[in-house]
Amino acid sequence: MGTIRPVYFTDELKVGMTAFQSKTITETDIILFSAVSTDTNAIHLDEEYAKTTRFGTRIVQGFLTASLISSALANRLPGPGTIFLGQNMRFLAPVHPGDTVTATLTVLDVDYVKNKVRIETVCTVGDKRVVEGEALVLAPPRPQE
């Protein structure tokens, strides 16, 4: 598990650093995410409909799964004060209600002058990759003393 701290300032970040954030996706999470995002696609909410799809059962909203990336960036690495500049991602496999998703962050590059950090972002369920991509973030600079 990654070290939990309030924040890593830009000058503390190194290529290869990692952090993790895990969550079991509950029925309540799916319903609340539907309400907040207005994503009320029946594949997420209606089991009878979902049985008729290629998945054969309900699946979790892709962006609910990917939201663990945002959580890991904000809470783990770099931590509070991190600003998202961009994210690319590929959805590789469905996540189902009750699955435990783990977001893993790995620092790929640090621009110490501009405080920009490129981070590999991967979400897994067990050993299976369900989302992968890269984030570009603005890391918090060390406050001037």
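Numbering of residues begins from 1 in every chain and follows the order in which that chain's sequence is written. This being a predicted model, a pLDDT of at least 70 is required before a residue's local features are given, and a value of 80 or more before pairs of side-chain atoms are given or counted; all residues contribute to the totals for chains, interfaces and linings. With hydrogens and water stripped out, all remaining heavy atoms of the structure feed into the side-chain values.

Participant: Would you mind showing me how to read the pattern of salt bridges here?
Facilitator: Once their charged atoms are close, side chains differing in charge can pair, the charge on each being opposite to the other. Salt bridge, as applied in this entry: a Lys or Arg side-chain nitrogen positioned within 4 Å of an Asp or Glu carboxyl oxygen. What the rule picks out here adds up to eight salt bridges. For aspartate 29, the salt bridge goes to lysine 23, with nearest N and O atoms at 3.0 Å. Linking glutamate 48 and lysine 51 is a salt bridge whose minimum nitrogen-to-oxygen distance equals 3.3 Å. When accessible area is computed with a 1.4 Å probe and restricted to protein chains, residues below 20% of their type maximum are described as buried, those above 50% as exposed, and intermediate ones as partly exposed. Taking relative accessible area as the criterion, glutamate 48 reaches 54% and is therefore assigned exposed.

Participant: For this particular structure, what's the right way to read the sheet that holds strand 1 (residues 18–24)?
Facilitator: Adjacent strands of a sheet form backbone hydrogen bonds with each other and so pair up, either parallel or antiparallel. With antiparallel pairing, the five strands of this open sheet are ordered in space as 1-3-4-5-2. Each of the sheet's edge strands pairs with one partner strand only, and the pair in question is strand 1 and strand 2 (83–91). Averaged over all adjacent pairs, the angle separating strand axes in this sheet is 20 degrees, with direction ignored. Whether two strands pair depends on DSSP finding at least two bridges between them. Only DSSP runs of H or I reaching four residues or more are called helices, and only runs of E reaching two or more are called strands; each is numbered from the N terminus. Both strand 2 and strand 5 (residues 128–138) contribute to a ladder of eight bridges, which runs antiparallel. Opposite asparagine 88, over in strand 5, you have glutamate 134 as the bridge partner. Throughout, a contact is declared for two residues whenever any of their heavy atoms are within 4.5 Å. In this description, a line fitted to the C-alpha atoms serves as the axis of each element, helices being fitted only across the stretch in contact, and the angle between N-to-C directions of two axes falls anywhere from 0 to 180 degrees. The sheet contacts of helix 4 (residues 62–75) involve strand 1, strand 2, strand 3 (100–111), strand 4 (116–125) and strand 5, and relative to strand 2 the element is tilted by about 140 degrees.

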